[in-house]
Amino acid sequence: MLTLSTRLKAILGVLVLATTAFTAVSVTHPGEAQAAGCIDGGNYQSVNLPSGTTRFPSSGYLKTTSRCQDINLSASPWHAPQTVRAIKVCFRTAGCQDHWTNVRDSGWYEIATNVKDGTEYYFKFYSYGKWYGTVAD
C-alpha cells in the first residue's frame, strides 16, 4: 500500500508532466511568446481592414514602441469567415519588406523583427478582403 506522501508525489509528478505537455502544445507560432510580452502591458491595437483596401492604416503610419522589439500581428479568431492573409510591413523610410507572411485564423506572427523604437510603418495586405486582427509593436 502506498503512503500518503508517495501518492502526493505521484500526483504532483503527473500534474507537472501534464502542464509541461500543455505548454509545449499551446505555442503554435514562433512569434507568440514574444508577442505575449508585448501585449501584457496593454500595448496593442485592433486592426480593422475594410473590404477593398490593402493598407492599414489607410493613411498615415503606426509607430513602434519600446515595449516590443518586433512587430507582431494576430488574426481575430472570433470573426468568421477568416482566411489566410499574406501581409508585409512597409516602413516610412526603408520601403516594404521583400517577403509576405501568411497570417491564419489564430496565433501571433512576427511580421518584422529587430525594429527600432519610434519606427513608422504600415501593413500591406496582398488581397482586398475584410480582415480583423490585433497588432503589438
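Everything numeric in this text was worked out from a predicted model, so none of it was measured. (Residues numbered from 1 in each chain as written. Predicted model: local features only at pLDDT ≥ 70, side-chain atom pairs only at ≥ 80, totals over all residues. Heavy atoms only, no water.)

1. With respect to the packing of aromatic side chains
Defined as follows: Ring pairs are drawn from Phe, Tyr and Trp, using the six-membered ring of Trp, whenever the two centres fall within 6.5 Å, and their geometry is named by plane angle: stacked under 30 degrees, edge-to-face over 60, tilted for the rest. The numbering of helices and of strands both runs from the N terminus, where a helix is a DSSP run of H or I of at least 4 residues and a strand a run of E of at least 2. Note on exposure labels: buried denotes an accessible area under 20% of the residue type's maximum, exposed denotes more than 50%, and partly exposed covers the range between, all computed with a 1.4 Å probe on protein chains only. Should the NZ of a Lys or the CZ of an Arg lie within 6 Å of a ring centre and within 35 degrees of the ring normal, that charge is described as sitting over the ring.
Enumeration over the complete set of coordinates arrives at 4 aromatic pairs. Centre to centre, the rings of Y61 and Y122 are 6.0 Å apart; their planes meet at 55°, and the pair counts as tilted. Placement of the pair is Y61 in the loop between β2 (55-56) and β3 (62-63) and Y122 in strand β9 (residues 120-125), with a sequence separation of 61 residues. By relative accessible area, Y61 is classed as partly exposed at 33%. On the accessibility criterion, Y122 (17% relative accessible area) is buried. Note that R55 overlies the ring of Y61, its terminal NZ or CZ placed 5.4 Å from the centroid.

2. Overview of unusual backbone geometry
Here the residue pair F56 and P57 is connected by a cis peptide bond, since its omega of -5° sits within 30 degrees of zero. With respect to the helices and strands, the residue P57 is situated in the loop between β2 and β3. Residues other than glycine seldom take positive phi values, yet N114 does so here, at roughly 50°. When you line up the elements, N114 lands in the loop between β8 (108-112) and β9.

3. With respect to the sheet that holds strand β10 (residues 131-136)
The criterion, for reference: Strand pairing follows a simple DSSP-based rule, namely that at least 2 bridges must link the two strands. Convention adopted: a line fitted to C-alpha atoms gives each axis, helices being fitted over their contacting stretch, and angles between N-to-C directions are expressed from 0 to 180 degrees.
Strand order in the open sheet formed by 4 strands is β1-β10-β4-β8, with antiparallel pairing between adjacent strands. At either end of the open sheet lies a strand with only one pairing partner, and these are β1 (45-49) and β8. On average, each strand axis in the sheet is tilted by 35° relative to the strand beside it, whichever way the strands run. Bridge analysis of β1 against β10 gives 5 bridges, and the strand direction is antiparallel. Directly across from L49, in β10, lies its bridge partner W131.

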